[in-house]
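Here is how the chains run, residue by residue.
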Amino acid sequence: MEQTTIFLSQATAKAYTEGILSEIKLEIVKDEKDGGNKVEGYITIKTDDINYTTYNITAKATTKAGKPSKSYENLVAFMERAHSIAEVGEEEATKVRVNGQVNPWTSFNQMGAKTHKVGYKTGFVSIISELKDPRSTFEVECFVQSVDDEFDKETQVPTGRVILHTLLPIYNNGIEPLDIVAPQEYAMACKQLFTQPGCQSAHIMGNIGNTKEEKKTTVEYQIGGAVTKTQTKNVNELILTHAGTMEQQYELETIQRAIAEYDLVLESKKKRAMESNKVGGNKTIGGTTIGANAAAGHRNFGF
């Protein structure tokens, strides 16, 4: 099939979750810019015994045109009716469905240390009477920069899985780095497909895995004997279940230009964060769109 190229524009970046409301932290506050009301905070949804997905939420009371916001109205009504597991227990907790967006972001602290995370956001939450298919899934259109073997962080032994280092096109001709994990059964197919010339623009679907890992270490003391310590780590993964190349390929020159532009934004954010430390600040700068090299550690993009 003949493929054509397309210029960079905001790509599909869907997130979907159906489950039980585990936690709700929403409040109505004043918007600092216009003084109007807005709902902000987050909700966490339990989809099974180990998987929880958190959605960040912000919705102003009025639209840019000055009309009442349906999103705001939905969230205010949701706040009045919803009850979390933390409040009433799992049996009585509210069942919900969310159609949102995948939202990768990078930030810097005052020491210039970089953090890259994948979050999820939404402006609507639906209350449902029963769970039909509790799950958390994603669907994205992206540019596959490379496909690399995954190694165990402690043993450095290959896990059998591969990591697709991708760039997610967003608004204003921007990009965000987004890593997607392919299970062992799809590892070779991903390597063969996405390393071919003209096959780097991908349509990928999969599951959102947001779990907690516990690591136990035992320390022997001369007095008192052994003590076992437990460290808990949140693990957020996008796990591929379906993938293919897009019929229309992203314009390579546009991708290159977006990388260069957002590298400059990245450096600017880092500089601002470090300057805030000089004047006694203690805050994180970022959490919005930044350059592609943020998560890649300034990897060579291979162009």
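What counts, and where the lines are drawn
Residues numbered from 1 in each chain as written. Predicted model: local features only at pLDDT ≥ 70, side-chain atom pairs only at ≥ 80, totals over all residues. Heavy atoms only, no water. Helix = DSSP H or I, 4+ residues; strand = E, 2+ residues; numbered from the N terminus. Contact = heavy atoms within 4.5 Å. Areas by Shrake-Rupley, 256 points an atom, 1.4 Å probe, with all protein chains shown as cover. Phe/Tyr/Trp six-rings, centres within 6.5 Å; stacked < 30°, edge-to-face > 60°. Salt bridge = Lys/Arg side-chain N within 4 Å of Asp/Glu carboxyl O. Buried < 20%, exposed > 50% of the residue type's maximum accessible area, 1.4 Å probe, protein only. Pairing = 2+ DSSP bridges. Polar contact = N/O pair within 3.5 Å; in protein donor to acceptor, adjacent residues only side chain to side chain. Core = buried A, V, L, I, M, F, W, Y, C linked by side-chain atoms within 4.5 Å. Expected span 1.5 Å × (residues − 1). Arc of directions from axis to C-beta.

(A) Structural detail: the overall build of the chain. Counting its regular elements, the chain contains five helices and 14 strands. In the chain, once contacts between residues fewer than 6 apart in sequence are set aside, the share between residues at least 24 apart is 67%. Carbon and sulfur atoms provide 48% of the accessible area of the chain, an area that totals close to 17200 Å².

(B) Spotlight on the packing of aromatic side chains. Tallying each qualifying case throughout the model produces one aromatic pair. Ring geometry for Tyr55 and Tyr120: centres 6.1 Å apart, planes at 55°, overall tilted. Of this pair, Tyr55 sits in strand E4 (residues 52–60) while Tyr120 sits in strand E6 (residues 114–122), placing them 65 residues apart in sequence.

(C) Main features of the pattern of salt bridges. Here the structure, examined in full by the defined rule, presents ten salt bridges. Ionic pairing is found between Arg97 and Glu18, a salt bridge with its closest N-O pair at 3.7 Å. Pair noted here: Arg97 is in strand E5 (residues 95–108) and Glu18 is in strand E2 (residues 13–30), with a separation of 79 residues, a long-range link. The class of Arg97 is partly exposed, set by a relative accessible area of 27%. Notably, a salt bridge pairs Asp149 with Lys191, separated by 2.7 Å at the nearest N-O pair. Placement of Asp149 in strand E8 (residues 135–151) and of Lys191 in helix H3 (residues 184–194) is noted, with a sequence separation of 42 residues between them.

(D) Fine view of the pairing of E6. In this structure, E4 lies alongside E6, joined through two bridges in parallel fashion. Counted as the bridge partner of Ile57 is Thr122 from E6. Counting the residues that bridge the hairpin from E5 to E6 gives five residues, and of these Gly112 lies at a positive phi of roughly 85°.

(E) Local environment of unusual backbone geometry. At Gln156, a residue that is not glycine, the phi angle is positive and equals roughly 60°. Residue placement: Gln156 occurs in the loop between E8 and strand E9 (158–169).

(F) Up close: the side chain of Ser136. Relative to the helices and strands, Ser136 is located in strand E8. A residue is classified by how much of its surface remains accessible, and Ser136, at 6% relative accessible area, is buried. A polar contact of 2.8 Å, which involves the side chain of Ser136, links it to the side chain of Thr53. Discounting residues that sit within four places of it in the chain, Ser136 has contacts with Tyr16, Thr17, Thr47, Thr53, Gly206, Asn207 and Ile208.

(G) Here's a closer look at the environment of Ala202. Assignment of secondary structure puts Ala202 in strand E11 (residues 201–221). Taking the C-alpha atoms as reference points, Ala202 and Met246, 44 residues apart in sequence, are found 5.3 Å from one another. Excluding residues within four positions of it along the chain, Ala202 makes contact with Val140, Glu141, Cys142, Val144, Phe194, Gly244, Thr245 and Met246.

(H) Local environment of the nonpolar core. Counting residues in each nonpolar core, the largest one holds 52 residues, and the members touching the most others are Ile43, Val102, Val140 and Leu164. When neighbours within four sequence positions are excluded, Val102 is seen to be in contact with Ala13, Lys14, Ala15, Val118, Gly119, Tyr120, Phe138, Val140, Leu178 and Leu238.

(I) Structural detail: helix H1 (residues 70–81). Taking 1.5 Å of rise per residue, the twelve residues of H1 would be expected to cover 16 Å, and the 17 Å separating its terminal C-alpha atoms lies within 8% of that figure. If you check which residues of H1 are buried, you get Ser71, Tyr72, Leu75, Val76 and Phe78. Considered in projection along H1, the buried side chains sweep an arc of 160° and stay on one side of the axis. The exposed set on the far side of H1, more than 90 degrees from its buried face, consists of Lys70, Glu80 and Arg81. Considering only its buried residues, H1 is in contact with E2, strand E3 (37–46), E4, E5 and strand E7 (126–128).

(J) Molecular detail of the environment of Lys270. Relative to the elements of secondary structure, Lys270 occurs in helix H4 (residues 252–278). On the accessibility criterion, Lys270 (31% relative accessible area) is partly exposed. Here the alpha-carbon distance between Lys270 and Met111, two residues 159 residues apart in the chain, equals 8.8 Å. Once you skip the residues sitting within four places of it in the chain, Lys270 turns out to touch Phe108 and Gly112.

(K) Highlighting the pairing of strand E10 (residues 175–182). Across the eight residues that make up E10, a large majority, seven, are buried. Two elements, E9 and E10, share eight bridges in a ladder whose sense is antiparallel. Within E10, the residue paired with Val162 across the bridge is Ala182.

(L) Structural view of H3. Considered for burial, the residues of H3 that qualify are Ala187, Cys190 and Phe194. The arc that holds the buried residues of H3, viewed along the axis, is 80°, so those residues lie on one side. In H3, the exposed residues that point more than 90 degrees away from the buried face are Glu185, Met188 and Gln192.

(M) Main features of the side chain of Ser84. Along the chain, Ser84 turns up in the loop between H1 and helix H2 (85–88). If near-sequence neighbours (up to four positions away) are discounted, Ser84 is found in contact with Leu21, Ser22, Glu23, Ile24, Gly89 and Ala93.

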